[in-house]
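Here is what each chain is made of, one letter per residue.
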Amino acid sequence: MLDGLDPEQRAVATTLRGPVCVLAGAGTGKTRAITHRIAYGVRTGVLQPAGILAVTFTARAAGEMRGRLRALGAGGVQARTFHSAALRQLQYFWPKAVGGEPPRLVERKVQLVAEAAARSRIRLERAELRDITSEIEWAKVTRTTPEDYPAAVAKSSREAPRDPAETSRIYAAYEQLKQDRSVIDFEDVLLLTVGILQDRPDIADTVRSQYQHFVVDEYQDVSPLQQGLLELWLGDRENLCVVGDASQTIYSFTGATPDHLLDFRRRHPGATVVKLVRDYRSTPEVVHLANGLLAQARGRAAEHRLELVSQRPPGPEPVFVEYPDEPAEAESTAKRVRELIEAGTPAAEIAVLFRINAQSEIYEQAFADAGIPYQLKGAERFFERQEIRRAGLALRGASRAGGNDIALEGLEDRSLGERVAAVLGGTGWTPDPPTGSGAARDRWESLRALVRLAEEFGAARPGASLRDFVEELDERARAQHAPTVDGVTLASLHTAKGLEWDAVFLVGLTEGMLPITYARTPEQIEEERRLLYVGVTRARKLLSLSWALARSPGGRAGRRPSRFLDGLRPGSGARGGAAGARAGGVDRGSGSGSGSRRRQRGPVPCRVCGRTLTEAAELKLRRCADCPSTMDEGVYERLREWRLERATELGRPAYTVFTDVTLMAIAETTPSDERELSRISGVGPHKLRQFGDQVLRICAGLPAEPDTGSGSDPDTGPEADQAGEGAPGGPGESRARGGVEPEDLWDEPAPEPPGDTPENLPEGPDDGFGDPFGEWSEAESGGPGKTAEK
């Protein structure tokens, strides 16, 4: 159990009694240390599996921890999120503490907030509605009542998005609405559990008699409400192990604070403190840059920063790249990613990270145009995809049929991966991938992820049956612990927390974006620096940092690289102990490359008045928004009708075929051949192949004819594979597949919250009532893949 642990990790694993604080830097093996600690305690008899509660912040992390513990022989240990553990206890003890059925859990509170605003006679735009919802969440996790909200905002120096008095009124109306309808939200789960444990000593004693030992991961992200719940679980005992890194505190907007981590020894004077600084993830060059970034930091968290020491062989220097505009940055990034893939780096081991979701669209377009498969992090739950649901049913049926399943005839002695592949053959799986990067390829990648998972599961557990694999899938579905899909990851920096890749591209690193414009106080600025630190430490080997001087081609090049790069990028001047000499050189990228349609990037004049255009819509139309339009209304309407028919045929949103602005540009220029059509922004090579003939016929006044040539199903044939924007691998569709409107994923300026949200929480077993401590069976959970409807 201790073999392979370094001296500091071994100290964590063998210190089983009393309070323990583990300060763990990025990539230092903290999960390995704490899971081996739990397993070592169980193997030596010091800890009882049923008496341990390990708490973390995302359902995915909890699922990963449970998997590791099972592999180490400690499968009976409970590993959950704060919300999941509290919900289980709340549902179990509610009849005894309150009586009757517990209130229904509302997963999305936005609708109720909108209704509360209307009752308060306050009109909110969509973005304002999200802001107010976030404010209510912050107030609840900091245990602030509606009446106290204005004073709490002033005291915390929090920059409220709206008049605190108005927010207070909406907050009060929202709470009243919930009470009238007997519903609760996710924050109420913690508040009510805290209330019950405070008011009912007998129930608190029951919980404490069950759990004698607690482990809390990502302790720097604990909110005051979660800390209060933890203290109630503990009582007067000190069998607590916390793990965290103040330099990775990036969720203060949700109420998270590193103070609990930094004050741990003051609250527990006899605590053992262990520092993990051996970085097993990143090369010395990446670690050197990360250390230099934190060397410039200020504030309390910076005073406790950890100086990482890489344990890996040397690698390439980080690269700094400056581009004239954002399209050039996106195109060049896609080109460099393609080169990495062609050189042998798996697409799943590459990530492009940005500050806000709105930055993803231009990269989705660039990757779709380049034919590079990608996945937009947070766009869809893996186990809710239609092809995965069908695959799950097929595997479940085969596991029950045993040797009588026709797909498994003669395969009794074959590996688990081969048996799973045989069963999935009936759902569309083939060993060879389809061509292109459209719907068929996306479905194939999902099924391949299941086959790969079966191979890995079979290698880890020789002799594992199909039923064992189905149980593993059920466990992963409950924890939303999806296998890796083979595609480049596009994600925000907040979403990337806890993940890692061989190659990472940090893009859009300009003043106003990182730090974000609304970060004004020293504390907010330092959190933005920590966010970049998290991004840097996601890279194992290759790291690229880039920025664009202008938003659009021909726009004013007035942007400056992020201040956080000062002293790190060559030519920026040394500062604050950051040794920038070892960082790679600055590449003045042009964005032009093979296949680029934007080689010439001079100023783009309005074709009517001659003014230089800068806005994306104006550049697409090649005229000012206020200049007279030459659009052929008849052509425009026929294009809209054709687009709707085509989108319906493909089963996709209309805008993924062509946006309204692109249709307007086509109707204004009425191109007569492919060359003229290809000059219109938004008509890439994939769309030209798929839709070009039909669009040109409409522009010529002829009826659009259906696709010919392949005679294949439009949603599965080669044309669908080349769909560009319209394909699930292209912009728009990957966002919309999971039932989330596109604006929810890329028009939101605010970062995503950490794990305990409806998107990350659903752990099927917690939907019903039962033993609050034990594991759940499939019957209790309502079957595999069930989400937290309550």
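Student: I'd love a proper account of the sheet that holds strand β6 (residues 213-216), names of residues and values included.
Tutor: The strands making up a sheet associate through backbone hydrogen bonding, with each pair oriented either parallel or antiparallel. One open sheet holds the 6 strands; their spatial order is β3-β2-β6-β7-β1-β8, and the pairing between them is parallel. Since the sheet does not close on itself, it has two edges, and those belong to β3 (78-81) and β8 (272-276), each with one partner. Adjacent strand axes in the sheet meet at a mean angle of 15 degrees, parallel and antiparallel pairs treated alike. As defined by bridge partners, strand β2 (residues 52-56) adjoins β3 across 4 bridges and the pair is classed as parallel.

Student: Run through the packing of aromatic side chains, naming residues and quoting values.
Tutor: For any pair of aromatic rings, the description rests on two quantities: the centre-to-centre distance and the angle between the ring planes. A complete count under the given rule lists 13 aromatic pairs for this structure. A centroid spacing of 6.2 Å and a plane angle of 65 degrees characterise the contact between Tyr 211 and Phe 214, whose relative ring orientation is edge-to-face. With respect to burial, Tyr 211 and Phe 214 carry one shared label: buried. Judged by centre distance (6.3 Å) and plane angle (90 degrees), the ring pair of Tyr 219 and Phe 264 falls under edge-to-face. Taken together, the residues Tyr 219 in the loop between β6 and α11 (224-234) and Phe 264 in helix α13 (residues 264-267) connect sequence positions 45 residues apart. Across this residue pair, the class does not change: Tyr 219 and Phe 264 are buried.

Student: Describe the packing of helix α9 (residues 186-199) against α11, naming the residues involved and giving the relevant values.
Tutor: Interaxial distance between α9 and α11 falls to 10 Å at its minimum, and their mutual angle equals 35 degrees. Here the hand of the crossing between α9 and α11 comes out left-handed. Residues Glu 187, Leu 190, Leu 191, Thr 193, Val 194, Leu 197 and Gln 198 of α9 form the contact with α11, whose participating residues are Leu 225, Gln 226, Leu 229, Leu 232 and Trp 233. Of the residues in the contact of α9 with α11, the class split is 8 nonpolar, 3 polar and 1 charged.

Student: Explain the state of the cysteines to me, using residue names and the numbers behind them.
Tutor: Enumeration according to the criterion identifies 0 disulfides in this entry. The cysteine Cys 241 is free of any disulfide, with Cys 21 supplying the nearest cysteine sulfur at 8.3 Å. Residue Cys 241 is classed as buried on the basis of its relative accessible area of 0%.

Student: Quick rundown of helix α7 (residues 149-156)? Include the residues and the values.
Tutor: Residues of α7 that are buried include every one of Tyr 149, Ala 152 and Val 153, and no others. On an axial view of α7, the arc spanned by its buried residues comes to 100 degrees, and they lie on one face. Every exposed residue of α7 that faces more than 90 degrees away from the buried side is listed here: Ala 151, Ala 154 and Lys 155. Taken from the residues just after α7, Ser 157 is the one with a positive phi, measuring 60 degrees.

Conventions adopted
Residues numbered from 1 in each chain as written. Predicted model: local features only at pLDDT ≥ 70, side-chain atom pairs only at ≥ 80, totals over all residues. Heavy atoms only, no water. Pairing = 2+ DSSP bridges. Helix = DSSP H or I, 4+ residues; strand = E, 2+ residues; numbered from the N terminus. Axes fitted to C-alpha atoms, helices over the stretch in contact; angles between N-to-C directions. Phe/Tyr/Trp six-rings, centres within 6.5 Å; stacked < 30°, edge-to-face > 60°. Buried < 20%, exposed > 50% of the residue type's maximum accessible area, 1.4 Å probe, protein only. Left-handed = near helix turned anticlockwise from the far one by under 90°. Contact = heavy atoms within 4.5 Å. Nonpolar A, V, L, I, M, F, W, Y, C, P; charged D, E, K, R; others polar. Disulfide = S-S within 2.5 Å. Arc of directions from axis to C-beta.

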